[in-house]
Amino acid sequence: MATYAHIPSRENLEMTETSTRLPVGAARPEHPGGYSGEDELLNMYRDRDDASPMLNSTTSNLNASKMDRAGAATIAAGSKMKRGKLLKIMFAVAAIVAIAVAIALALVFTVGKKKSSSSSGAAEASATTGPNGGLGQSGTSGKSGSLVTMADGSSFTYNNNFGGDWAADPSKPFASGGKAQDWSPRIGSEEWKWGEHTIRGVNLGGWLVTEPFICPGLYEKYVTNDQSITVIDEWTLSQAMGDKLAEEMENHYKTFITEKDFADIAAAGLNWVRIPIGFWAIETMNDEPFLVGTSWTYFLKAIQWGRKYGIRIYLDLHALPGSQNGWNHSGKSGSVNFMHGVMGIANAQRTLTYLRIFTEFVSQPQYKDVVQIVGMVNEILWATIGQEAVQSFYYAAYEAIRKSSGTGAGNGPFIAIHEGFQGPAIWEGFLAGSDRVVLDQHPYLAFMGDPNSTPESSAPKACEWAIATNQSQSVFGVTVGGEFSTAINNCGLWLNGMESDTIAGCSVWDDWASWDSTVINGLKQVTLASMDALQNFFFWTWRIGNSTTLGTSSSPMWHYQLGLERGWIPKDPREAIGHCAQVLGSSQIFDGNFPATATGGAGAGTLDPTAAASHPFPPATISPSFSGTQIGLLPTYTPTGSLKTLSAPTFTAAPSATVGSGWNNAGDNEPAYVPVAGCSYPSAWDAVSAALPTATCAGS
């Protein structure tokens, strides 16, 4: 079965036609659960009967807040003034010309110009870091040019041309941290202001939840295995690894993303990361083969690195019990057993407990300034699960999280919900009055069903997302592009799953080393258009690992690091500002004013009781065909179990540091959902066609 896996500015370059086109046969992959080419992903931003008037408007987006524009203009003007003054000084004071030149260079290259990718920041070396989870034994900080020594003893030179710095005091591990760029607020001492600051982020895909197309070398090692297991996802990979599971997975976690990546992400002009994580960071049940807990250890490292380099984190629950979409990045390919099928409710109940556990940890004062968004579910399969069940779970999860965290600004993280590939418009009015809910959209050009896509035809399509995004931010609230890529087709090794057929004609799109400037510049227009349209964005993904078979990486249009090096990703993401206005000729700017409840202001957390009552959990129907009295017969778990807590980091240089208990709110003490003792359950991962029980099980 083929499965969906992940599945220069215009004033400098006018887009021109190229003979390089999407190869014949590069069609959109099939999807489980009847997810056909006529599905919602194809039409999520256009031709909707229920679209708001804004979506049918002829206006387009200018992806820049007024502050971004004003800031860029001010910086440019300031740079010119400083140069003029320095020239006068140099002519007037010839005796100290060498000093004047040095001062001039420092001023010019650290002012923070809008486009400064070719400049080098002023070097300011500092003491190096050492062991202690990546932190040294004494208070340290540094700017561009300083040396950083990581926990394993290796070192690198911190380079940041955007005025960023790093800061980590081993004796005070929760003190103020670094500043990603001079335009991004410092973690720990400067507040992230929604509507003023812009998320320019990247996903760390394939790290704590593996995907074959992102880390092919890890999978290639076990394609042939002693147990004759067909490896297609992390479930089967874990089984194939057998007694080497812990060793292999920890080595992957340790090497695929490191502290240096966080420094490089800041150096790329980015200020957030979205980190996918699986439920097995907490626990597994029954025959679930995943490695338990180790991924959480590395997420804790990510929090430390994020603080150190000024990178905020969106924690995304990417893989849910039973699978929310049947795709390999949910942990197990195949059927959807989350809010669908006989075990759909039980798997959702289990997830509610896990969301509380994650939320309680990141709501602690030691961590909440770094981890500021928690996503309740990644890419829920609306087409299979259905609107009623999706929205029922969203209400239940929202209420569970806010009961844990409390409401109002500063009480727990923002909560992200995925739009189910429906586009933003249909979510207007949903969860009205809710506190700090983010709408996360994943518009992928690669899977929108156009077999004739070229870079030139694709960039304007990305700009079409802008109007819906602006409308959503004005009416719903914070709206982010949690995933997107430069890809204009679905070419790439295992991009469509390890069992998918090879697509004829894709070799040209995988041979990135042979791309000429026309292809590279055309793809850059796609990147800029996507960034500008989505405004607050997270590119998927930071890196693609090498294939041992190919000897290099595949799927280049999904590889931020490679694109940054080769040119189809901008050196400065602010280059995207205004791109869609240039392409479409008109604009409608989001003014930065979200609804008050969207950022924890007046009325936040006051849900409309009528709307809440219309979204009960469990819902009145569960697909594929359960309703009425049948809902009461579906297997469920019971809230009688002991609550688990996530472990905190240890700091050798600060053994008495208060690291938290893992549970922020002592009043959140409702027991965990667990199986009813004495009751038998069908497989939590393969129960769509299981027989409906004839009576409820009361247990023993």
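Because the structure is a prediction, the values reported are computed rather than measured.

Reading the values: rules and limits
- Residues numbered from 1 in each chain as written.
- Predicted model: local features only at pLDDT ≥ 70, side-chain atom pairs only at ≥ 80, totals over all residues.
- Heavy atoms only, no water.
- Disulfide = S-S within 2.5 Å.
- Helix = DSSP H or I, 4+ residues; strand = E, 2+ residues; numbered from the N terminus.
- Buried < 20%, exposed > 50% of the residue type's maximum accessible area, 1.4 Å probe, protein only.
- Phe/Tyr/Trp six-rings, centres within 6.5 Å; stacked < 30°, edge-to-face > 60°.
- Lys NZ or Arg CZ within 6 Å of the ring centre and 35° of its normal.

### As for the state of the cysteines
- For the structure shown, the criterion picks out three disulfides.
- Residue Cys463 pairs covalently with Cys580 via a disulfide, S to S 2.2 Å. Handedness here is read from the sign of the S-S torsion; for Cys463 and Cys580, about -90°, the answer is left-handed. In this pair, Cys463 is assigned in helix α11 (residues 455-463) and Cys580 in helix α16 (residues 579-584), connecting sequence segments 117 residues apart. For the pair Cys463 and Cys580, one class covers both residues: buried.
- Here Cys491 pairs with Cys506 through a disulfide, and the sulfurs are 2.0 Å apart. Classification of the bridge connecting Cys491 and Cys506 rests on its S-S torsion, roughly -70°, and on that basis the disulfide is left-handed. Of this pair, Cys491 sits in the loop between β11 (479-481) and α13 (507-510) while Cys506 sits in the loop between β11 and α13; the two residues are 15 residues apart in sequence, bridging distant segments of the chain.
- Here the protein chain pairs its bonded cysteines, counted in sequence order, in the arrangement 1-4, 2-3, 5-6.

### Describing the packing of aromatic side chains
- Inspection of the entire model under this criterion finds 43 aromatic pairs.
- A centroid spacing of 5.1 Å and a plane angle of 25° characterise the contact between Trp296 and Phe299, whose relative ring orientation is stacked. Of the two residues, Trp296 and Phe299 both sit in helix α7 (residues 294-309), three residues apart, roughly one turn of that helix.
- Owing to a relative accessible area of 1%, Trp296 belongs among the buried residues under this scheme.
- We classify Phe299 as buried; its relative accessible area is 0%.
- Each residue in the set Phe174, Trp296, Phe299, Phe358, Phe361, Tyr367 and Phe651 is aromatic and connected to the rest through ring pairs, giving one cluster.
- Here the guanidinium or amino end of Arg274 rests over the ring plane of Tyr314, the centre of that ring lying 5.1 Å away.
- The ring of Trp235 has Lys332 sitting right over it, with the charged end atom 5.3 Å from the ring centre.

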